[in-house]
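Residue-level listing of the chains:
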Amino acid sequence: MNKYGLVGKKLGHSLSPIIHNYVFKSLKIDGEYSLYEIEDSKNILEIMLKKGIKGFNVTIPYKESIIEHLDYISEEAKKIGAVNLVKIEKGKSYGYNSDYFGVIEMLKKSEVQVKNKLCYVLGSGGASKSVIVALSDLEAKEIIVVTRDVEKKKEELKNKFKDIKVVSYDEIGMGDIIINTTPLGMYPNIDSTPVNKDILKNFNVAVDIVYNPKITKFLKEADEIGLKCVDGITMLIAQAIKSDELWEGIKIDNSIEDRIEKILLERLK
């Protein structure tokens, strides 16, 4: 049996085992996905190799610190500066960022055209970096990152992403696509939202990478004023499936995503 898993410090209520084990069962893959709570990133590869793990996902707080321990880093992971997917093959370790592929699949499935569009990204944490790189590769006209701490984040972000702008929430103007990468609106704080309707009305598309709840207050208010809305559950599933494809060297049919979404929504209730 091929052993896979999620590595992090505190994994609590992760939905990852549900997704991956469903994929393995559906496709008759002899695989198993488990959770591995580890206290120190320096030991991750050693521990995984001893356990005979063929591949693993990486979550907070190890997405950046794992990089120096890997033999190979993919292009998208280099641009983002974070790895959340590791494949071990013939004693070598390969790092990728499946969140990047999840963002692209989410936008593609929802038929959101990014090319030549003005995009605002709310939040400047780790999740925003995957979104920034995906939007850039999809040829967005302009990417503007919105943060509450402009002075602190501007230098960090501009050093990494040369062509973006960094502004405060008071400086949000007109645009095409607005994407929330902050945790605002996530369960149990479902009554919070990063921006109000006065800002949302300046856009055509609202995207939220939060997936619990499926329809956040941010998306609910966007829908009420007629914006096209995209929720985060597609990204969650797509990044997981990308992991399975890379680990197993296969292409997984998109039809499985809809079945997984039904299972997750039932679980999230």
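These numbers were taken from a predicted model, which means no experiment stands behind them.

1. Focus on the UniProt feature "binding site: NADP(+)" (unreviewed entry) in the chain
UniProt's feature table lists "binding site: NADP(+)" (unreviewed entry) at Glu75, Gly123, Ser124, Gly125, Gly126, Ala127, Ile209 and Gly232, given in the numbering used throughout. These annotated residues cover 158 residues of sequence, and their C-alpha atoms sit far apart, with the largest distance between any two at 23.8 Å. Those annotated residues lining the largest pocket are, specifically, Gly123, Ser124, Gly125, Gly126, Ala127, Ile209 and Gly232. Here Ala127 lies in helix α5 (residues 126–137). When sequence neighbours within four positions are dropped, the list of residues in contact with Ala127 reads Thr181 and Ile209. In this structure, Ile209 sits in the loop between β11 (205–208) and α8 (217–224). Looking at Ile209, the relative accessible area reads 14%, which means it is buried. Beyond its immediate chain neighbours, meaning those up to four positions away, Ile209 contacts Met106, Ala127, Ile179, Asn180, Thr181, Gly232 and Met235.

2. Observations regarding the environment of Tyr36
Tracing the sequence through the fold places Tyr36 in strand β2 (residues 31–37). Here Tyr36 falls in the buried class, since its relative accessible area comes to 13%. A C-alpha to C-alpha distance of 19 Å links Tyr36 and Gln239, two positions 203 residues apart in sequence. Ignoring anything within four residues of it in the chain, the contact list for Tyr36 reads Lys3, Tyr4, Gly5, Leu6, Val7, Gly8, Leu11, Met48, Lys51 and Ile53.

3. A word on the sheet that holds strand β1 (residues 2–8)
The six strands lie next to each other as β2-β1-β3-β5-β6-β4, forming an open sheet whose pairing is mixed. In this open sheet, the two strands that pair with only one neighbour each are β2 and β4 (72–73). Along the sheet face, helix α1 (residues 16–26) touches β1, β2 and β3 (53–58) and points at about 165° away from the line of β2.

4. With respect to the UniProt feature "domain: Shikimate dehydrogenase substrate binding N-terminal" (unreviewed entry) in the chain
Feature annotation in UniProt assigns "domain: Shikimate dehydrogenase substrate binding N-terminal" (unreviewed entry) to the following positions: residues 6–86. Measuring from the first to the last C-alpha atom of residues 6–86 gives 10 Å, for a span that is 30% helix and 25% strand.

Definitions and limits used
Residues numbered from 1 in each chain as written. Predicted model: local features only at pLDDT ≥ 70, side-chain atom pairs only at ≥ 80, totals over all residues. Heavy atoms only, no water. UniProt positions renumbered as here; feature names shortened; annotations may be inferred. 1 Å grid on protein atoms, 1.4 Å probe; cavity = no way out; pocket = protein on both sides within 12 Å on 5 of 7 lines; lining within 4 Å. Helix = DSSP H or I, 4+ residues; strand = E, 2+ residues; numbered from the N terminus. Contact = heavy atoms within 4.5 Å. Buried < 20%, exposed > 50% of the residue type's maximum accessible area, 1.4 Å probe, protein only. Pairing = 2+ DSSP bridges. Axes fitted to C-alpha atoms, helices over the stretch in contact; angles between N-to-C directions.

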